[in-house]
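# Descriptive analysis of the structure
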Amino acid sequence: MPALLQVLREARACDVCADRLPMGPRPLIAATAASRMMIIGQAPGRAAHESGIPWHDRSGERLRDWLGITPATFYNAAKVGLMPMGFCYPGAGKSGDLAPRPECAPLWHDKILFGLKQLKLTIYVGQYAFDRYLGSAYPALTQAVLDFDTLLPTRVVLPHPSPRNNIWLRKNPWFETQLLPELRRRVKEIMA
């Protein structure tokens, strides 16, 4: 396999689905061989696409709060890798952003993950990451999130931190009272 830096350079230049992206390609991914934690999310939103900064929105603020880390730590690729299921903003639909482009994960994920030699924790955020990586082991995302004590210390599934998921959060109060303290403890341990 090519070295991680080469793979990242190629992924950031990818234009495989350029003709299907309303704002054009702008792959947003961050990682180094030293990344200790990888967050596999959905796809950049419009604000992230425009700024060129992954998770540069309210969902990112909530995710950083869930993890108990500052933006400085979150955006330090030597500590935290950020890899969406679809690397570019897919455009908007009737009820929010469109699904991540399906080309990215098969093209790039294995090559990038192979280069992460210090990885201690992988966080699967939202339905799309869950479906690809753990969907065959659980009947639904909520069951995988609830199974955090089995998946930790190396993996965990989170709902998407979008404000659209406030209903899910209200229906599952154990997420904040049980999972988040364990997740923050593990993140603090990894970042130390």
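Residues numbered from 1 in each chain as written. Predicted model: local features only at pLDDT ≥ 70, side-chain atom pairs only at ≥ 80, totals over all residues. Heavy atoms only, no water.

## So, unusual backbone geometry
With omega at 25 degrees, the peptide bond leading from L152 into P153 counts as cis. Take P153: it is sitting in the loop between α8 (148-151) and β6 (155-158). (Helix = DSSP H or I, 4+ residues; strand = E, 2+ residues; numbered from the N terminus.)

## Details of the packing of helix α1 (residues 4-12) against helix α5 (residues 104-114)
Taken N-terminus to C-terminus, the directions of α1 and α5 make an angle of 155 degrees; their axes are 9 Å apart at the nearest point. Classified by the angle their axes make, α1 and α5 are roughly antiparallel. For the element pair α1 and α5, the recorded crossing hand is left-handed. Two secondary-structure elements touch here, α1 through L4, V7, L8, E10 and A11 and α5 through W108, K111 and I112. In terms of residue class, the contact of α1 with α5 is made up of six nonpolar, no polar and two charged. (Axes fitted to C-alpha atoms, helices over the stretch in contact; angles between N-to-C directions. Parallel < 35°, antiparallel > 145°, perpendicular 65-115°, else oblique. Left-handed = near helix turned anticlockwise from the far one by under 90°. Contact = heavy atoms within 4.5 Å. Nonpolar A, V, L, I, M, F, W, Y, C, P; charged D, E, K, R; others polar.)

## A few points about α1
Buried within α1 we find L4, V7, L8 and A11. Buried residues of α1, seen end-on, are gathered within an arc of 95 degrees and therefore sit on one face of the element. The outward face of α1, more than 90 degrees from its buried face, is lined by the exposed residues L5 and R9. Contact partners of the buried residues in α1: α5. (Buried < 20%, exposed > 50% of the residue type's maximum accessible area, 1.4 Å probe, protein only. Arc of directions from axis to C-beta.)

## Brief notes about the packing of aromatic side chains
Across all of its chains, the model carries six aromatic pairs by this definition. Centre to centre, the rings of W168 and F175 are 5.6 Å apart; their planes meet at 80 degrees, and the pair counts as edge-to-face. Judged on exposure class, the residue W168 and its partner F175 are both buried. Their ring planes at 75 degrees and their centres at 6.5 Å tell us that W174 and F175 sit as a pair that is edge-to-face. Both residues of the pair, W174 and F175, count as buried. Members of the aromatic cluster, connected to one another through ring pairs, are W66, W168, W174 and F175. (Phe/Tyr/Trp six-rings, centres within 6.5 Å; stacked < 30°, edge-to-face > 60°.)

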